[in-house]
Amino acid sequence: YIRDITDYGKGENLNPSHTRVDRYIVRAEHDLAWIHDCDKGTNLKLGAETVYYNARVDGYGGDRKTETRLDLYALLRHQFSARLSSSLNLRQAWVTGYNPPFTPSAGLEYILVKNPKDRLTLPVSLARSYRVPTLNERYWEVLGNPDIQPETGFNKETGLVWQHKFTAITQ
């Protein structure tokens, strides 16, 4: 349970703004691992999280705003060898007033160079994304838009990650 309280005033501060947002959070996760040796193995994380928001914010026009969010997910990671690993993430969300899509992601990571001082890795990932507008984005009196649509996207990412260990300078 988290309660955020903000009292805000400016100038003479005769009528400060009062905000109270209560969040009730329940999360459950379970990890499973199948390790073959130091270089090979599989990990699976299964989980669920639900959050209930109860907001009384002066900037929302004085009305109480509520929202419930639920996420179910499975995260699978497999280490094929000392140099190659993969991940698969599956997530489904439910949000009051919205219909979030299934949002999977997948990734591969290959270590191109590995020595005592340097490591060069090539990561590649693909993911579907979805973002529900915040309560402020929807309900704030002056700038909010209750008809604002959620953000959806498809993300692709690759690159090179170089890690180098510098030696310490001694005097």
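Keep in mind it's a predicted model, so treat the numbers as computed, not measured. (Residues numbered from 1 in each chain as written. Predicted model: local features only at pLDDT ≥ 70, side-chain atom pairs only at ≥ 80, totals over all residues. Heavy atoms only, no water.)

> How should the overall build of the chain be read in this particular structure?
Counting secondary structure elements, the chain contains 1 helix and 9 strands. Overall, the chain shows an N-to-C arrangement of helices and strands of β-β-β-β-β-β-β-α-β-β. Over its C-alpha trace the chain gives a radius of gyration of 23 Å, far above what one expects of a compact globule, namely 16 Å for 171 residues. Its C-alpha atoms give the chain principal-axis dimensions of about 65 × 50 × 30 Å. When burial is assessed residue by residue, the chain has 22% of its 171 residues classed as buried. (Helix = DSSP H or I, 4+ residues; strand = E, 2+ residues; numbered from the N terminus. Rg over C-alpha atoms; globule rule 2.2 N^0.38 Å. Buried < 20%, exposed > 50% of the residue type's maximum accessible area, 1.4 Å probe, protein only.)

> Sorry, what's going on with the packing of aromatic side chains here?
For any pair of aromatic rings, geometry is given as the distance between the ring centres together with the angle between the planes. Applying the stated criterion across every chain, the model contains 4 aromatic pairs. Arranged with centres 6.1 Å apart and planes meeting at 40°, the rings of Tyr24 and Tyr52 form a pair that is tilted. Remark: Tyr52 occurs in strand 3 (residues 40–57) and Tyr24 occurs in strand 2 (residues 17–37); sequence separation between them is 28 residues. Take Tyr24: its relative accessible area is 41%, and that puts it in the partly exposed class. Overall, Tyr52 belongs to the partly exposed group, its relative accessible area being 31%. Here the aromatic cluster, defined as three or more aromatic residues joined through ring pairs, consists of Tyr1, Tyr24 and Tyr52. The side chain of Lys65 reaches across the aromatic face of Tyr139, ending 4.6 Å from its centre. (Phe/Tyr/Trp six-rings, centres within 6.5 Å; stacked < 30°, edge-to-face > 60°. Lys NZ or Arg CZ within 6 Å of the ring centre and 35° of its normal.)

> For this particular structure, what's the right way to read the nonpolar core?
Soluble globular proteins tend to pack their nonpolar side chains together in the buried interior. Grouped together as the largest cluster of nonpolar side chains are 7 residues: Val21, Val51, Tyr53, Ala55, Val57, Tyr60 and Leu135. Broken down by element, the residue count for this core peaks at 4 residues, all from strand 3. Apart from residues no more than four positions distant in its own chain, Val57 is found in contact with His18, Thr19, Val21, Gly62 and Trp140. (Core = buried A, V, L, I, M, F, W, Y, C linked by side-chain atoms within 4.5 Å. Contact = heavy atoms within 4.5 Å.)

> Before we go on, may I ask you to explain a nonpolar patch on the surface in this structure?
A cluster of nonpolar side chains, namely Phe80, Leu108, Tyr110, Leu112, Val113, Leu122, Val124 and Leu160, defines an oily patch on the protein surface of about 660 Å² accessible area. Taken together, the elements giving at least two residues each to the nonpolar patch come down to strand 6 (105–114) and strand 7 (118–131). When residues in the nonpolar patch are grouped by element, the largest group, 4 residues, is from strand 6. Considering the arrangement of structural elements, one finds Val124 in strand 7. (Patch = residues over 30% accessible without salt bridge, like charges linked within 9 Å, V, L, I, M, F, W, Y side chains within 5 Å. Areas by Shrake-Rupley, 256 points an atom, 1.4 Å probe, with all protein chains shown as cover. Salt bridge = Lys/Arg side-chain N within 4 Å of Asp/Glu carboxyl O.)

> I tried to follow the pairing of strand 4 (residues 64–79) on my own but got confused; where do I start?
Taken residue by residue, a regular strand's side chains alternate between the two faces of the sheet. Relative to strand 4, strand 3 runs antiparallel, the two sharing 16 bridges. Residue pairing in the sheet places Lys45 in a bridge with Leu75 of strand 4. Joining the antiparallel neighbours strand 3 and strand 4 is a turn of 6 residues, in which Gly61 adopts a positive phi near 90°. Of the pairings in the sheet, the one linking strand 4 to strand 5 (residues 84–95) comprises 11 bridges and is antiparallel in character. Counterpart to Asp71 in the pairing with strand 5 is Ala93. Where strand 4 hands over to strand 5, the hairpin turn is made up of 4 residues, counted between the paired strands. (Pairing = 2+ DSSP bridges.)

> Looking at this structure, I do not really get the side chain of Thr103. What am I missing?
Structurally, Thr103 is set in the loop between strand 5 and strand 6. Residue Thr103 is classed as buried on the basis of its relative accessible area of 15%.

On their own, these measurements won't tell you what the molecule is for.
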